[in-house]
Structures are given as structure tokens and as C-alpha cells.
Amino acid sequence: MSLSNDPLLQPFQIRHLTLRNRIMSTAHEPAYSEDGMPKDRYRLYHLEKAKGGIALTMTAGSAVVSADSPPAFGNLHAYRDEIVPWLKRLADDCHEHGTAVMIQLTHLGRRTGWNKGDWLPVLAPSPIREPAHRAFPKEIEDWDIERIVADYADAAARMQAAGLDGIELEAYGHLMDQFWSPATNRREDEFGGSLENRMRFTTMVTEAIRGAVGPDFIVGIRLVADEDWEKGLSREEGIEIARRLAGSGRIDFLNVIRGHIDHDAALNEVIPIQGMRSAPHLDFAGEVRKATKFPVFHAARIADVATARHAVATGKLDMVGMTRAHLADPHIAKKVARGEEARIRPCVGATYCLDRIYEGGEALCIHNAATGREADMPHAIEKAEASRKAVVVGAGPAGLEAARVLAERGHEVVVLEAAGEAGGQVNLLVRNPRRKEMIGIVDWRLAELERLGVEIRYGVYAEPEDVLALEPDLVVVATGGIAQGLDLESGGELLTSSWDILAGAVKPAGPVLLFDDNGGHPGMSAAEVIAEMGAELELVSPERFLAPEMGGMNHVPYARVFAERGVRVTINTRLKSVRRDGNGLVAVLGSDFSAGAEQERRVAQVVVEHGTAANADLYLALKPVSRNLGAVDYKALIARRPPLPARWPQAGFDLVRIGDAVASRNIHAAIYDALRICSLL
């Protein structure tokens, strides 16, 4: 296909606005805001996508229009005048690169908490609690409706004043569609009952907005057109709502969503993660477009260019949202235009980004550590002033990223790997079939290293003399870690590690007790594998809630397997000791809260997840003969200056270790180590 005929690269017209291609990033809240404002971090994040050729970047996963819609996860404050200059700078910067900028506006209704912001009551059409945010809302009153309608209009006027290209109203689990849905609207007045009544609030809002911004400003709506819920909004009513909005003359595009989001399991179906179907709601979005004959946008796990191209080429969508994909690679559009699709860093569906947001953090991509850190971390690696010879030991995520960055810097790089293949602990986690997409973290880097001419020597368990024989100027130790044992009162030798289970080295023999003292994917994934193999399983955690290192999106598939397979989950409980008992084992469990509260479990196998122990032998051997004696100047590192001090200048090489070779962390930490250190060397 010639690039000029690529469906993804064709322009699209909305009113006066010409979008340069069909690729967009739909509204989402990365939680980069400061005091409710889109300051430099927020701006630079969107600017990077503009530099990468995207046609439209939609800011703010729900900028809130009223003070009684307090931010649930870093939402922008669209009700404050101070937001205008911040948004103007963001829009102006993106416009310079040819990218349109819009913003999503909302009132969260019941989808927030009363103990946030100004501690005003949460409200909803009817006083029905949302499980996800747990607040018990008051029933919205006539004076609430009057002021919130005015707030929407005022917020829209601010966005117009900021020079944005348009706005999008959120009707997806928020106040607007809480009026639409029979599940959340049980009113008997003029705002309840018939579809016309349930749409009355939306009509009032869109009329007020048009009165404030005039007929030419672009106004769209992200709407749920089928809640996929027995008691919720039906497909038929949802499509009828879409038809009415399209025919109102007040709306310029529909951004279609399917499903409901009132708890984690439901949200997981709306926003699928790894192991789930690609683009599950694309055909439905196409049905809405066919029924309305109106511009339709959509995003839901459209992670690859082929699917995006299909969506546009077959007429299902006018604009295709690749939102999480742009966290992984903000330069997708430019790479497509240059014929470099194979070089796009893939979204592997880890959903580390969303999990962090929903747990109160900020969005970070599991394997692009520059995203969200554009002020300090480079997406494009600059050449070093002089080329050096670098030896990287270890070809897990940290080592592969270090080799990639160093090679992009122009250094001569050799990688030494003890195993017969690259990947490190990623090769363990993908033994869980549901998580096999994570291998993309490795495959993309291997392809980049091949392009850069980096040599990887497999089957080399590097000793100091092997490294020194290569006469390096720089050595990066990325040797990872090994499964860390657990300090018990007795019986440590009777334990099986989660690694052994995931690797298939030890088969589950039920009943199994799995003690997870890490609280992240490794223990949960081992538990999933054990359960799927049919073994009776009890998962024990010392934490007050299960898997605290994991957010709600990734929790769902594990919880589903546990429910289906009858896994017993025990929290607030610690493994104290293990002893043999005939052909089985007895696990003694205790409590941090009561010294006398001991229990025993007779099982066939005790599996433990306790993080990794750093594999630091090579580093410790090389440290005394290195130029920097292994030291890293953290102040220099944070300030983006060369971080390796010359403590023994006559030595021939600098030495640094990264990833789990330092301490047990995660993939993102390993890749961030490699990027921020090696991009300065």
C-alpha cells in the first residue's frame, strides 16, 4: 500500500477543522496535573505526541466542571479561570506541530468521593451508590441541575478562550449518562422515566454550551451506547440516544463506548488488558456509525496499526483512538508515514499505566520510561560526543534497554548473556499464557539491537576476566536476580519458589499453599497457573488486602480465575514455619496482630513468592577495579549530568549496575534505570 493511499494517513474534516490523519489519542487523565492545572509535565506529554505526528490529542480524562465533582484521579479543574493560560500554552505548542487539541469535560456525579476536594456532597440522579468509588450520593435537586448546567457552559467558554479546537462531553459512567441509565435513574419527575426525560439534562447542557460558545466551536460527546448490563442502558436505547444527539445540531461527533464501569470487573470489559480480545467493541462502534451516519470515534484496545487501519478502511470509524499505544510510542503516526511500522514500540497490554492511575499514582508505560517524564527523559536518544566500548552483562529488560540506549548514543556495544536466549524474568512471566504479549518488551528491543548492529553473545556466564578481556570503557551489570528465599522459623528447605512453578520446573501437587510476601504479579501469576492446572490452592498474604503492588485492572483476571477455580484467599496472615508430616507438609500460619493466633494447614506443597535477591557477584568483583568504584552520583543523575564519579581515574572502565541486580523491583524500574543512566554516558 502506498503511503498516499493509506487510510490512516487521510485527512478528516470536522466543521472548519482539518485533522491531518485518522489517528488520535482519546481523552484520559494521566494524573500529571499540579493543583488541578495542566502545567509543564502535562503539556510536554501531549506535545511529544504532536511531535510524533498524531492528528488529535484529547486532553483530560474528564476535566471537572464543578467544585462538587472533586477529582477522582488528578482531573483538571475546568471550573477555574486559572486553567485558561495553561491550556493555551499546551494548545499553542501542539498547534505548532500540526496537532489539534480538544478536552473532555464532565461532572463525575456519583463516580468520585465526598472526602476529596472541598468535601461537598456527591450527587447523582438517584441515591444509588457506585461500588468503585463507594460514596453514597444524595439525589440531585433542581437547584443543583441549574447550577451544573451553567458550570458546563462556563467551562466550555474557558476552553474556547484557551484556543482549543473543541470539547468532548463525557457520558460514560458519569453524571450525564447516569441520567440515561435505568440502573442509576429511578426518578419520577421530568428527569426520569421516558427516554426524552432521561435525556433532558443532556439537552439542557448542550443548549447552554452552544449558547456560550456559538455554532462553530466543535462539541462532541463520548457516550456509552450500550451498557451491556441487564438493568442498564440497552443497545436499542443507546443507539437511539446516539441518533438523537447526532440529529440535534448541537453535537459534531460521537465517541462510542460499550459497557459499564461501576466496578473493576465491568471496567475490565470496557478497557481490555493483556490476554483479552483485541478491539472487542470495534464492530459495535461501526454499527453506531451506520445507524447514525455521523462521525464516530472509538478507542478500546486498538493497540496496533493493522487493526487501526482496518477500522478506518472498512468504514467502522472516522477517527481511531490509540491511547495506551501512544503511551508506549508517541511517534506512531510519523513511523507509519515513514514506512517504519516495524519500529513502533508495541503496547503489550500490561496496563501498568491505568493501574497506577486508579491506585493514586500517575500513568507510566511499563516499557517506555520517557513517557510522562518528557522534561528529563528523551524519547529520541542523542549521540554522545565520543564513542566508547561498552559491555552489557545480562539480556533481560534492563540489559536490553541499556544496550539499545548506548548503541543509539553511538557506542560500540557487546551484550553477554548466560542463558541461550534474551528476556530474563520476562521469559518466566510469559509462561502464564494470558501474559504472553509481554514478550513484546523483549522482541522490540532485540529488533532494535539488530538494526543498531549490537552483538549479543549467548551462553556466556560472564566472569570478571571475560569482561576485562573485552577492554571496555564502560560495563553495565544487568544480571538480574534469583528467587529470594523466605526467612522462616524452620523448614525453609521445604519451600518451592514461584519461579519453579512458572518455569515448569516443579509441577503443582495439591493441595498447595502459596504464600505471597511480594504483592505483585509474580505470586499472583504463579497462583493463576496453579489454579488453572486444577490443583487445590490457598493463597495467603500478610497484607491487609490482596496484591497491594497491583491495581484493579490487573487484579480482575486473577480474581476471576480464583473465583472460578475455588481458590481460597487468606489475608492478614503470615507463614511462620513448615515441617514434614508423612508424605505431606504442615504449614504453620501466624498473625502480626496476635502472637497466639496460630493455624496449621496440611498440604502437599508450599510455594513462596518473596521477590528477588540481587545477582551481584560480578558487580562486586569488578567494583574495586572500576574508575568510579561502582558509585553513582544521585544528585548528578537527578539533575541530568554525567553520574559516574572518577574515584580511581587510572582504572580503565566505568561500572554501573541496574535493574534487579541492584534490588528487587519491576520491569519499569529496570528500564528506567537503563534509560536515565545510559542516556547520560
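Because the structure is a prediction, the values reported are computed rather than measured.

Novice: So what exactly am I meant to see when it comes to the sheet that holds strand β15 (residues 455-458) here?
Specialist: Strands belonging to one sheet form pairs held by backbone hydrogen bonds; the direction of such a pair is parallel or antiparallel. If you walk across this open sheet you meet the five strands as β15-β14-β13-β16-β27, and the pairing is parallel. For this open sheet the edge positions go to β15 and β27 (654-657), each flanked by a neighbour on one side alone. The mean inter-strand angle of the sheet, taken between neighbouring strand axes irrespective of direction, is 15°. Summarising the sheet, strand β14 (residues 412-417) and β15 pair through four bridges and their orientation is parallel. The partner of V414 across the bridge, within β15, is E455. Along the sheet, helix α14 (residues 397-408) contacts β13 (389-393), β14, β15 and β16 (474-477); its crossing angle with β13, the most-contacted strand, is approximately 170°.

Novice: What exactly am I supposed to notice about unusual backbone geometry here?
Specialist: When glycine is set aside, most residues are seen to have a negative phi, and most peptide bonds are trans. Residue P511 is reached from G510 by a cis peptide bond, and omega for that bond is 0°. Relative to the assigned elements, P511 resides in the loop between α18 (498-503) and β19 (512-516). Even without being a glycine, S62 presents a positive backbone phi close to 85°. Residue placement: S62 occurs in strand β4 (residues 56-64). For R301, which is not a glycine, the phi torsion comes out positive at approximately 55°. The residue R301 is located in the loop between β11 (296-298) and α10 (305-313) in this model.

Novice: How do you make sense of the packing of α14 against helix α23 (residues 667-678) when you look at a structure like this?
Specialist: The angle between the axes and the distance between the axes are what describe a pair of packed helices. Look at α14 against α23: their axes get within 8 Å of each other, and the N-to-C directions meet at 25°. Classified by the angle their axes make, α14 and α23 are roughly parallel. For the crossing formed where α14 meets α23, the hand is right-handed. Note on element contacts: α23 touches α14 through I667, A670, I671, A674, L675 and C678, opposite P397, A398, E401, A402, V405 and L406.

Novice: What should I look at first to understand the packing of helix α19 (residues 521-532) against helix α20 (residues 552-565) in this one?
Specialist: The contact between α19 and α20 brings their axes to 10 Å, and the two run at 30°. In terms of axis orientation, α19 runs roughly parallel to α20. Helix-helix and strand crossings are classified by hand; for α19 and α20 the assignment is left-handed. Taken together, the residues of α20 that come into contact with α19 (itself represented by H521, M524, S525, A527, E528, A531 and E532) are N554, H555, Y558, V561, F562 and R565. Along the lines of polarity and charge, the residues of the contact of α19 with α20 split into six nonpolar, four polar and three charged.

Cut-offs applied
Residues numbered from 1 in each chain as written. Predicted model: local features only at pLDDT ≥ 70, side-chain atom pairs only at ≥ 80, totals over all residues. Heavy atoms only, no water. Pairing = 2+ DSSP bridges. Helix = DSSP H or I, 4+ residues; strand = E, 2+ residues; numbered from the N terminus. Axes fitted to C-alpha atoms, helices over the stretch in contact; angles between N-to-C directions. Contact = heavy atoms within 4.5 Å. Parallel < 35°, antiparallel > 145°, perpendicular 65-115°, else oblique. Left-handed = near helix turned anticlockwise from the far one by under 90°. Nonpolar A, V, L, I, M, F, W, Y, C, P; charged D, E, K, R; others polar.

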